[in-house]
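The lines below spell out each chain.
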Amino acid sequence: MLEKAQQGTWPSCAPIGYLNISTGDKRGIGLDPERAGVVRRMFEWYAADNCSVDEVRARATAEGLTTKHGTPPSKSTIERILKNPFYTGTFVWKGKTYKGDHLPLISFDLFHRVQAALRKGNHPVRESKRSFAYTGLIKCAHCGCSITAGTHKGKYIYYRCTGACGRCNTRLIREDRLEALLGELVQRIHIDDETIEWVVAALKESHRDEKAYHDEQITRLQAEIKKLQDRTDIAYEDKLDGKISEEYWERKSRQWRSRQFELRRSVEQHEKASQVYFEEGTTLLKLAQRAYDLWLAQSQIEKRRLLDVLLLNCTFDGEKLVATYKRPFCWLAEGSLGLVWRG
Ligand SMILES: [Zn+2]
């Protein structure tokens, strides 16, 4: 078993989401096509949707997740899954961590976010108290207090000013109506075709400048690396000829080597920076283009997350929502872009 572990194969019963498989006389771990998807989503629910363990269990059961005995998973089974690093493609055997040869279901990053959420003892508040999607996002335009939410006859959800600063007459608004107004804010983030051409051209040009700068730096660094190499070569010959002492050679050549190492690292950083600049630009452009489509397709939790990304602040006067966008979306919101570009 230890030998198997050292070779990267989990030497025991596969956890939920995986199967013990054998091809010929070789035994290994493969994905369980029926369960792998649900198990991956469980991590996402817990980390991204702020679900409690009970909610994760309810959702997973609703999606048909069963244990190997065919029964619905218990709460402790769910917890065991969420704490198991096996799903990142590693495993622990007799106190040692091994890199497994099985396919990872989730990233290390997601796993660590789940562990952090587990440590916080996870969201017990949500169960006793109903939470609303858009509270804490909007302020009253009249008195500056927060807009909070409640239910009417246990049926409709509405939003209103808390009136914490005294009586306030801002009218209340039903959630579906508010959501439509928020959708309009998202819709304003869009780029027409003509502007897209501008942005792409500008991005290319600016990337050229950016790239030229990094290329220049790389050339300079490489010249310095070569100079140090030449110096080292000459000093080596001098040492052979007895012109410089062994001690002097050791000291100097070590110094030059470590400087060369630093320079090479800078070269790498410049190479990477040039790449990142362009990728971030194009990713942002794509996101902005799809913002409203994303909005329409998402759950309320995701809608709220999108608003948190886009909006700096937002006020409601009983009729209209007025928002300030965060950078760089403020430049992409309708009406403001032409101005920036003319400038
Ligand atoms: Zn108010």
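If you're wondering where the values come from, they're calculated on a predicted model, not measured in any experiment. (Residues numbered from 1 in each chain as written. Predicted model: local features only at pLDDT ≥ 70, side-chain atom pairs only at ≥ 80, totals over all residues. Heavy atoms only, no water.)

**Q** Looking at this structure, how should I read the overall build of the protein?
**A** The secondary structure content of the protein amounts to twelve helices and ten strands. The C-alpha radius of gyration computed for the protein amounts to 29 Å, which surpasses the reference 20 Å derived for 343 residues by more than 25%, pointing to a less compact arrangement than a globule. By its C-alpha atoms, the protein is 95 × 70 × 40 Å across when sized along the principal axes. For the protein, with 343 residues in total, the buried portion stands at 38%. Contacts in the protein between residues far apart in sequence, at least 24 positions, make up 57% of those at least 6 positions apart. Total accessible area on the protein stands at roughly 21500 Å², and carbon and sulfur atoms take up 51% of it. (Helix = DSSP H or I, 4+ residues; strand = E, 2+ residues; numbered from the N terminus. Rg over C-alpha atoms; globule rule 2.2 N^0.38 Å. Buried < 20%, exposed > 50% of the residue type's maximum accessible area, 1.4 Å probe, protein only. Contact = heavy atoms within 4.5 Å. Areas by Shrake-Rupley, 256 points an atom, 1.4 Å probe, with all protein chains shown as cover.)

**Q** How do you make sense of the packing of aromatic side chains when you look at a structure like this?
**A** Each aromatic ring pair is specified by the distance between its two centres and by the angle formed by the two planes. Within this structure, the stated rule accounts for eleven aromatic pairs. One aromatic cluster is present, built from ring pairs that chain together Trp-10, Tyr-18, Phe-43, Phe-86, Tyr-87, Phe-91, Trp-93, Tyr-98 and Phe-111. The residue whose ring lies beneath Arg-174 is Tyr-156, and the NZ or CZ to ring-centre distance is 4.5 Å. The ring of Trp-295 carries the charged tip of Lys-303 above its face, separated from the ring centre by 5.4 Å. (Phe/Tyr/Trp six-rings, centres within 6.5 Å; stacked < 30°, edge-to-face > 60°. Lys NZ or Arg CZ within 6 Å of the ring centre and 35° of its normal.)

**Q** What exactly am I supposed to notice about the environment of Ala-291 here?
**A** For Ala-291, the location among the structural elements is in helix α9 (residues 246-297). C-alpha separation for the pair Ala-291 and His-190, spaced 101 residues apart in sequence, amounts to 7.3 Å. Setting aside its immediate chain neighbours within four residues, Ala-291 contacts Val-186, Ile-189 and Leu-306.

**Q** Explain the environment of Pro-15 here, please?
**A** Structurally, the position occupied by Pro-15 is in the loop between α1 (2-6) and β1 (18-23). Taking relative accessible area as the criterion, Pro-15 reaches 15% and is therefore assigned buried. Separated by 72 residues in the primary sequence, Pro-15 and Tyr-87 have C-alpha atoms spaced 8.8 Å apart.

**Q** What exactly am I supposed to notice about the domain arrangement of the protein here?
**A** How big an interface is tends to be stated in terms of accessible area lost as the parts join. Here the protein is partitioned into domain 1 (2-127), domain 2 (139-184) and domain 3 (193-342). Between the C-alpha centres of domain 1 and domain 2 the distance comes to 41 Å. (Domains from an automatic or database assignment.)

**Q** Can you help me understand the nonpolar core in this one?
**A** The nonpolar side chains of soluble globular proteins are, as a tendency, buried together. Counting 38 residues, the largest nonpolar core has Tyr-134, Tyr-159, Leu-182, Ile-189 and Leu-321 as its most contacted members. Per-element tally for this core: the top contributor is helix α7 (residues 175-187), with five residues. Among the domains, domain 2 (139-184) and domain 3 (193-342) are the pair contributing at least three residues each to this core. Beyond its immediate sequence surroundings of up to four residues, Tyr-134 is in contact with Tyr-159, Glu-175, Leu-178, Glu-179, Leu-182, Trp-295, Gln-300, Lys-303, Arg-304 and Leu-307. Formed by 34 residues, the second largest nonpolar core is a distinct cluster that contains Ala-5, Ile-16, Phe-111 and Ala-117. (Core = buried A, V, L, I, M, F, W, Y, C linked by side-chain atoms within 4.5 Å.)

**Q** Teacher, can you tell me more about the sheet that holds strand β5 (residues 139-140) here?
**A** The strands that make up a sheet pair up through hydrogen bonds in the backbone, lying either parallel or antiparallel. Judged by pairing direction, the sheet is mixed, and its three strands sit side by side in the order β5-β9-β10 without closing on themselves. The sheet is open, and its two borders are formed by β5 and β10 (321-325), each paired with just one other strand. Helix α10 (residues 300-310) contacts β9 (311-316) and β10 of the sheet and is inclined by roughly 105 degrees relative to β9. (Pairing = 2+ DSSP bridges. Axes fitted to C-alpha atoms, helices over the stretch in contact; angles between N-to-C directions.)

**Q** What exactly am I supposed to notice about unusual backbone geometry here?
**A** Residues other than glycine seldom take positive phi values, yet Lys-94 does so here, at roughly 50 degrees. Looking at the element boundaries, Lys-94 is found in the loop between β3 (90-93) and β4 (96-99).

**Q** Before we go on, may I ask you to explain the environment of Gly-30 in this structure?
**A** Examined against the element boundaries, Gly-30 turns out to sit in strand β2 (residues 26-31). Between the C-alpha atoms of Gly-30 and Asp-101, which are 71 residues apart in sequence, the distance is 9.5 Å. Beyond its immediate sequence surroundings of up to four residues, Gly-30 is in contact with Tyr-18, Leu-19 and Ile-21.

**Q** Teacher, can you tell me more about the coordination of the zinc ion here?
**A** As a benchmark, a tetrahedral metal site with four donors has ideal angles of 109.5 degrees, while an octahedral site with six donors has ideal angles of 90 or 180 degrees. Coordination of the zinc ion by the protein involves Cys-140 (SG), Cys-143 (SG), Cys-161 (SG) and Cys-168 (SG), with metal-donor separations of 2.2 to 2.3 Å. Note that the zinc ion binds four donor atoms; their angles at the metal cover 97 to 115 degrees, and the shape is tetrahedral. Positions of the donor residues of the zinc ion along the chain correspond to the pattern C-x2-C-x17-C-x6-C. Relative accessible area serves as the criterion here: at 29%, Cys-143 is assigned to the partly exposed category. (Donors = N, O, S within 2.8 Å, 3.2 Å for Na, K, Ca; no water. Tetrahedral: all angles 85-135°; square planar, octahedral: opposite > 155°, others 65-115°.)

**Q** What am I meant to see in helix α3 (residues 53-62) here?
**A** By the burial criterion, the buried members of α3 are Val-53, Val-56 and Ala-60. Buried residues in α3, looked at end-on, bunch into an arc of 60 degrees, giving them a common side. Each element contacted by the buried residues of α3 is listed here: α2 (36-48) and α4 (75-82). Once α3 finishes, Gly-64 follows within two positions and takes phi at roughly 90 degrees, a positive value. (Arc of directions from axis to C-beta.)

**Q** What am I meant to see in the sheet that holds strand β6 (residues 147-152) here?
**A** Spatially, three strands are ordered β6-β7-β8 in an open sheet, and the strand pairing comes out antiparallel. Unpaired on one side and paired on the other, β6 and β8 (173-174) mark the two borders of the sheet. Looking at chain direction, strand β7 (residues 156-161) and β8 are connected through two bridges and run antiparallel. The partner of Tyr-159 across the bridge, within β8, is Ile-173.

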